[in-house]
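Residue-level structure breakdown
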Amino acid sequence: MLDFIGSLMPKRRRSDWTSAVETIRAGAAFLAQGSSYSYLRARTLLAGPKLFQDEGFGFALQICKWEGFAVAAQDLILIMEAEMRENLPQDPVVRAAGLLQLYRDVLASEALPEHRKDRGWEDAIAEFAARLPVFMEKPPLKPDAICTATALRLLAHAPITDDVREADKIMVLNNVAFRFIDYQATLRKRLDLSGFARELSGKMDLAA
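So, a few notes on the structure that sits alongside this text. (Residues numbered from 1 in each chain as written. Predicted model: local features only at pLDDT ≥ 70, side-chain atom pairs only at ≥ 80, totals over all residues. Heavy atoms only, no water.)

Some remarks on the overall build of the chain
Counting secondary structure elements, the chain contains 11 helices and zero strands. Seen in sequence order, the chain has helices and strands lined up from the N terminus as α-α-α-α-α-α-α-α-α-α-α. Residues classed as buried in the chain amount to 45% of the 208 residues present. In the chain, the proportion of contacts linking residues at least 24 apart, taken out of those at least 6 apart, comes to 84%. (Helix = DSSP H or I, 4+ residues; strand = E, 2+ residues; numbered from the N terminus. Buried < 20%, exposed > 50% of the residue type's maximum accessible area, 1.4 Å probe, protein only. Contact = heavy atoms within 4.5 Å.)

Structural notes on the pattern of salt bridges
In the structure shown here, the tally under the stated rule is 11 salt bridges. Across the pair Glu81 and Arg85 runs a salt bridge whose closest N-O atoms are separated by 2.8 Å. Arg85 shares its class with Glu81; the two are buried. (Salt bridge = Lys/Arg side-chain N within 4 Å of Asp/Glu carboxyl O.)

Considering helix H5 (residues 92-108)
The terminal C-alpha atoms of H5 lie 24 Å apart, and with 17 residues this matches the ideal 24 Å at 1.5 Å per residue to within 8%. Buried within H5 we find Val94, Arg95, Ala96, Gly98, Leu99, Leu100, Leu102, Tyr103, Val106 and Leu107. With a side-chain oxygen positioned 2.9 Å from the backbone nitrogen of Val93, the residue opening H5 is Asp91. (Expected span 1.5 Å × (residues − 1). Polar contact = N/O pair within 3.5 Å; in protein donor to acceptor, adjacent residues only side chain to side chain.)

A word on helix H10 (residues 169-190)
The terminal C-alpha atoms of H10 lie 31 Å apart, and with 22 residues this matches the ideal 32 Å at 1.5 Å per residue to within 8%. The set of residues buried in H10 consists of Val172, Leu173, Val176, Ala177, Phe180, Tyr183, Gln184 and Leu187. Down the axis of H10, the smallest arc covering the buried residues is 140°, so these residues share one side. Opposite the buried face of H10, at more than 90 degrees from it, the exposed residues are Asn174, Phe178 and Lys189. (Arc of directions from axis to C-beta.)

Side note on the environment of Ala73
Mapped onto the fold, Ala73 is located in helix H4 (residues 55-84). For Ala73, the residues in contact, after removing those within four places along its chain, are Ile24, Ala28, Tyr103 and Val106.

Regarding the packing of H5 against helix H6 (residues 122-137)
Relative orientation of the contacting elements H5 and H6 amounts to 150°, with a least axis distance of 9 Å. As summarised for this structure, H5 and H6 are arranged roughly antiparallel, according to the angle between their axes. In terms of crossing hand, the pair formed by H5 and H6 is right-handed. On H6, the residues that touch Pro92, Arg95, Ala96, Leu99, Leu100, Tyr103, Arg104 and Leu107 of H5 are Glu122, Ala124, Ile125, Phe128, Ala129, Leu132, Met136 and Glu137. Taken together, the residues of the contact of H5 with H6 sort by class into 12 nonpolar, no polar and four charged. (Axes fitted to C-alpha atoms, helices over the stretch in contact; angles between N-to-C directions. Parallel < 35°, antiparallel > 145°, perpendicular 65-115°, else oblique. Left-handed = near helix turned anticlockwise from the far one by under 90°. Nonpolar A, V, L, I, M, F, W, Y, C, P; charged D, E, K, R; others polar.)

See the structure below:
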């Protein structure tokens, strides 16, 4: 009965660093897996069940999911930053440094996938470090303009032929954008973004 009552009570939104890391990690995993699996199930149709049981296809799908996860985490952080920007330090270099540390912690919160055991996530971190200055100098963008990076990464690693990849590009871009826009509402429910902006600003100021 207590569990049932608790499920009806509104959950308190969190604003601490650990909660933000977990929300981004869970969101990136959910978006990458949901987007890749739903697309490939739709694309493979009746052959899907057999393909999904094939060891080679399954391993390729895992790579697709994890590579998508790495970029989805970047995009979620950029979406959060766009919402919080007015409450963050105005110096784009300071903001970028704080967001990069947040990204490092998100990646560190997951065990390394098998195909990255020998190299870790350093290339993904370097990629985000290169993306950040561009986004910090621009006016805040909407989720659908940010998450194209996730869609393109999923397409790049999907176990399909290049002609199918090109033919399905717009469909995948639209599907991923819809999922990110929907998850933005979840972010707002789980995190007190104004409160987290204060904590993030404090960390940025200390690191500056």
